[in-house]
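Next come the chains, spelled out residue by residue.
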Amino acid sequence: MDQAIILFDGVCNFCNSSVNFIIDRDPKNYFTFGALQSIKGQALLERYGLSQTALDTLILIESKQIYSRSTAALRIAKRLSGLWPLFYCFVIIPRFLRDPIYGLIAKYRYKIFGKREVCRVPTPEEKARFL
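Within each chain, residues carry numbers counting from 1 in the order of the written sequence. Thresholds applied to this predicted model are a pLDDT of at least 70 for local features of residues and 80 or more for the giving and counting of side-chain atom pairs; totals over whole chains, interfaces and linings are not thresholded and use all residues. Hydrogens and water are ignored here; the side-chain numbers use all heavy atoms of the structure.

Chemist: Sorry, what's going on with unusual backbone geometry here?
Modeler: Trans is the common state for peptide bonds, and a negative phi is the common state for residues other than glycine. The backbone phi angle of Ser63 is positive, close to 50°, even though this residue is not glycine. Take Ser63: it is sitting in the loop between β3 (59-62) and β4 (65-68). The backbone of Arg69 sits at a positive phi, close to 55°, despite the residue not being glycine. Take Arg69: it is sitting in helix α3 (residues 69-78). Each residue gets one of three labels from its accessible area relative to the maximum for its type: buried under 20%, exposed over 50%, partly exposed in between, using a 1.4 Å probe on protein chains only. Residue Arg69 is classed as partly exposed on the basis of its relative accessible area of 22%. Only DSSP runs of H or I with at least four residues qualify as helices, and only runs of E with at least two residues qualify as strands; both kinds are numbered from the N terminus onward.

Chemist: Explanation requested: the environment of Leu58 in the structure shown.
Modeler: Residue position: Leu58 is located in the loop between α2 (39-47) and β3. Leu58 sits in the buried class, given a relative accessible area of 15%. Residue contacts for Leu58: discarding those within four places in its chain leaves Ile6, Leu7, Phe8, Tyr67, Ser68, Arg69, Ala72, Ala73, Ile76 and Tyr102. Any pair of residues with heavy atoms lying within 4.5 Å of one another is described as a contacting pair.

Chemist: Explanation requested: the packing of α3 against helix α4 (residues 95-113) in the structure shown.
Modeler: Angle between the axes and distance between the axes: these two values describe a pair of packed helices. Here an angle of 0 to 180 degrees is reported between the N-to-C directions of two axes, which are lines fitted to C-alpha atoms, with helices fitted over the stretch in contact. Running from N to C, α3 and α4 cross one another at 90°; their axes reach a closest spacing of 7 Å. Between α3 and α4, the interaxial angle falls into the category roughly perpendicular. Contacts between α3 and α4 pair Arg69, Ser70, Thr71 and Leu74 from the former with Arg95, Arg98, Asp99, Tyr102 and Gly103 from the latter. Taken together, the residues of the contact of α3 with α4 sort by class into 2 nonpolar, 3 polar and 4 charged. Here roughly perpendicular refers to angles of 65 to 115 degrees, roughly parallel to angles under 35, roughly antiparallel to angles over 145, and oblique to all remaining angles. Under the convention adopted here, Pro, Cys and the residues Ala, Val, Leu, Ile, Met, Phe, Trp and Tyr are nonpolar, Asp, Glu, Lys and Arg are charged, and Gly plus all remaining residues are polar.

Chemist: Looking at this structure, how should I read the layout of surface pockets?
Modeler: Any empty space left between atoms is shown by rolling a water-sized probe over those atoms. The definitions used throughout rest on a 1 Å grid laid over the protein atoms alone, on which a cavity is an enclosed set of points accommodating a 1.4 Å probe that cannot get out and a pocket is an open set flanked by protein within 12 Å on both sides along at least five of seven lines; lining residues are those having an atom within 4 Å of a point. Grid points are joined across faces, edges and corners, and a volume is the space filled by probe spheres set on the points. One number sums up the size of the largest pocket: a volume of about 820 Å³. Considering the residues around the largest pocket, the lining is formed by 28 residues, among which Phe14, Leu58, Ala73, Leu74 and Tyr102 are closest to the centre. Listing elements by their share of the lining of the largest pocket, those giving two or more residues are α1 (13-24), α3 and α4. Classifying every residue of the lining of the largest pocket gives 21 nonpolar, 3 polar and 4 charged.

Chemist: Could you clarify how one ought to interpret the side chain of Glu62 in this entry?
Modeler: Tracing the sequence through the fold places Glu62 in strand β3. Glu62 sits in the buried class, given a relative accessible area of 4%. Reaching out from Glu62, the side chain makes a polar contact with the side chain of Tyr30 at a distance of 2.6 Å. With sequence-adjacent residues up to four places away left out, Glu62 is seen in contact with Ala4, Tyr30, Tyr67, Arg75 and Arg79. What qualifies as a polar contact is a pair of N or O atoms within 3.5 Å, subject to a donor-acceptor requirement within protein and to the restriction that residues adjacent in sequence count only when both atoms come from side chains.

Put into structure tokens, the structure is as follows:
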């Protein structure tokens, strides 16, 4: 089975909580994770021609395709257990309407949720799920 990679801001508390949320609802271990700031995260950004300094977005690499911002979040929800796949129906809303809402959350995420001094370190149980 293919796996998808989620690149996230490793020092953002909201982003780290989101990773925990996804892990808890991904029983098939479809997603692997990497911090945007990590060496492997930076290498993937470079490989796909993405900015290595823009750390304010979620990146999903799935089937060699790149998704970001609200589209990445909705595609992730589509793969989670429970009722979360229902949120994928919002993909019919054009990105130019969805992404500004995502952008507001991204802009204020440190003020609202806080920031870590260093990137997240996975637990021994989670280690295989991280780049």
